[in-house]
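# Survey of secondary and tertiary structure
Listed here are the chains, written in short residue letters.
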Amino acid sequence: MEPLRIGILGAARIAGRAIAEPARLTGARLVAVAARDTERAEAFAAEHGVERVHESYQEVIDDPEVEVIYNPLANGLHGPWNLRAIAAGKHVLTEKPSASNAIEAAQVRDAAREAGVVLMEGFHYLFHPVTRRLHELLAKGELGELQHVEATMVMPPPDDDDPRWSLALAGGAVMDVGCYALHATRMLAPWGGGTPTPAGARAGERKRLPGVDEWLNADLAYPNGATGAVRISMAAEELEFSLRVVGTRGEAFAPSFVLPQLDDRVMVKTKEDTWVEQLGRKSSYAYQLEALTAHLRDGAELPIDADDAVATMELIDACYRAAGLQPRPISHL
């Protein structure tokens, strides 16, 4: 299979874990990278074996050898640069979320559809056996009918000058870690009778940063009566990225569903038995890149698409509004 030819926008820390290491494991080519600081791009290229450094993001997009753009820029720059990559006819693997709000996400989706390119949002956890097993337990009826979901995404605070605290760059706890929790609840829609909606939400703003959420808790309702509880924070004392699924016959708990490479356990308790499964610590990012490669090379199906990205942003925006905050503004280059 011909390796994917990837261009990287920026030399963010996440790019090392999310694309450079997976590329090494899957045999993909890292063709080009650019960053605001060219020296930083050169150091990234030297460390990760990127073939060449360009002076600008646009040069990476325009590189004729690049077929897939990986976009790990600040949240507010996802939408604008995704649109530029799509306009150049490139497939896009974008860090989540794909845009600043649902209106922009729909613009990105429509552009990708018109251009005939793939836009995939980087919800890498979805491709790992930990999450696949949680879904399988529901699909096979081992947990019975879905009753309740608890998604927790909390972490210690980033530095005060981190762009994740910038409203202009679509920052906030929900946009950073919280989108995983909300996406995970959406992915249970087949067993909840449809997509969940906010039944209520509460949030706290970052000190001296009006409109920027430091934490948000939301209660969700599924069409079939199942409920959800989402707890999101970028001001916690410790990190916890966990998912609990409760059914009429039992429950399953993944203590690190977003980072299963650190803890790959799924703990299952039913009316008949209790057990722990360990499902492998291969990087969820590697599973994600393997899935994208199989789709682009062999037409294998993907579990998410650009429509999914819009639906996630709609739920994010709805939770913001339910908590008395506004969706993030669209950034302009």
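This text gives an overview of the structure that appears in the document.

Cut-offs and rules
Residues numbered from 1 in each chain as written. Predicted model: local features only at pLDDT ≥ 70, side-chain atom pairs only at ≥ 80, totals over all residues. Heavy atoms only, no water. Core = buried A, V, L, I, M, F, W, Y, C linked by side-chain atoms within 4.5 Å. Buried < 20%, exposed > 50% of the residue type's maximum accessible area, 1.4 Å probe, protein only. Helix = DSSP H or I, 4+ residues; strand = E, 2+ residues; numbered from the N terminus. Contact = heavy atoms within 4.5 Å. Axes fitted to C-alpha atoms, helices over the stretch in contact; angles between N-to-C directions. Parallel < 35°, antiparallel > 145°, perpendicular 65-115°, else oblique. Left-handed = near helix turned anticlockwise from the far one by under 90°. Nonpolar A, V, L, I, M, F, W, Y, C, P; charged D, E, K, R; others polar. Disulfide = S-S within 2.5 Å. Expected span 1.5 Å × (residues − 1). Phe/Tyr/Trp six-rings, centres within 6.5 Å; stacked < 30°, edge-to-face > 60°. Pairing = 2+ DSSP bridges. Salt bridge = Lys/Arg side-chain N within 4 Å of Asp/Glu carboxyl O.

This brings us to the nonpolar core. Within the largest apolar cluster, 90 residues are counted, with the highest numbers of intra-cluster contacts made by Ile6, Ile8, Tyr70, Tyr125 and Phe257. It is helix α7 (residues 173-186) that contributes the most residues to this core, 9 residues altogether. Look past the residues within four positions of Tyr125 in its chain and what remains in contact with it is Thr131, Tyr180, His183, Ala184, Met187, Phe257, Val258 and Ser284. Core analysis: the second largest hydrophobic core is formed by 19 residues, Val31, Ile69, Ile86 and Ala306 among them.

The subject of this paragraph is the packing of α7 against helix α10 (residues 306-322). Close contact between α7 and α10 brings their axes to 10 Å; oriented N to C, the two are set at 115°. Relative to α10, the element α7 is oriented roughly perpendicular. Two packed elements cross with a definite hand, and for α7 against α10 that hand is right-handed. Two secondary-structure elements touch here, α7 through Val174, Met175, Cys179, Leu182, His183, Thr185 and Arg186 and α10 through Asp308, Ala311, Thr312, Met313, Leu315, Ile316, Cys319 and Tyr320. Taken together, the residues of the contact of α7 with α10 break down into 10 nonpolar, 3 polar and 2 charged.

Moving on, we come to the state of the cysteines. Inspection of the entire model under this criterion finds 0 disulfides. Just so you know, Cys179 is unpaired, no disulfide at all, and the nearest cysteine sulfur is the one on Cys319, 12 Å from it. For Cys179, a relative accessible area of 0% gives the class buried.

A few words on helix α1 (residues 13-26). Given 3.6 residues per helical turn, the α-helix brings residues three or four places apart onto the same face. If you check α1, its first and last C-alpha atoms are 20 Å apart, about what 14 residues at 1.5 Å a residue would give, namely 20 Å. Those residues of α1 that fall on the buried side of the exposure criterion are Ile14, Ala15, Gly16, Ala18, Ile19, Ala20, Pro22 and Ala23. Next to the buried residues of α1 lie β1 (5-9), β2 (29-34), α2 (38-48), β4 (68-71), β5 (91-94) and α9 (284-298). Once α1 ends, the next one or two residues include Gly27, with phi positive near 85°.

Attention now goes to the packing of aromatic side chains. According to the stated counting rule, one finds 5 aromatic pairs in the structure shown. Between Phe123 and Tyr125, the aromatic rings sit 6.4 Å apart at their centres with planes inclined by 85°, giving edge-to-face as the arrangement. Comparing Phe123 with Tyr125, the two get one shared label, buried. Summarising the aromatic geometry, the rings of Tyr125 and Phe257 are spaced 5.3 Å apart at their centres and angled 85° between planes, so their arrangement reads as edge-to-face.

Turning our eyes to something else, we now look at the sheet that holds β2. Strand order across the open sheet formed by 6 strands is β3-β2-β1-β4-β5-β6, with parallel pairing between neighbours. Only two strands of the sheet have a single neighbouring strand rather than two, namely β3 (52-53) and β6 (119-121). Here β2 runs beside β3; their pairing, made up of 2 bridges, is parallel. Bridge pairing in β3 links Ala32 to Arg52.

Next up on the list: the pattern of salt bridges. Summed over all chains, the structure comprises 30 salt bridges. Across the pair Lys282 and Glu290 runs a salt bridge whose closest N-O atoms are separated by 2.8 Å. Given the relative accessible area of 35%, Lys282 is considered partly exposed. A relative accessible area of 33% means that Glu290 is categorised as partly exposed.

In this fold, Glu150 is placed in strand β7 (residues 146-154). You can call Glu150 partly exposed: its relative accessible area is 33%. Once the C-alpha coordinates of Glu150 and Asp308 are considered, the two residues, 158 residues apart in sequence, prove to be 21 Å apart. Residues contacting Glu150, with those up to four places away along its chain left out, are Ala229, Ser242, Leu243 and Arg244.

A word on the packing of α1 against α2. Relative to each other, α1 and α2 sit at 30°, their axes nearing to 12 Å. Taken as axis vectors, α1 and α2 run roughly parallel relative to one another. The hand of the α1/α2 crossing is right-handed. Contact residues: α1 offers Arg13, Ala15, Gly16 and Ala20, while α2 offers Arg40, Phe44 and His48. For the contact of α1 with α2, the residue count by class is 3 nonpolar, 2 polar and 2 charged.

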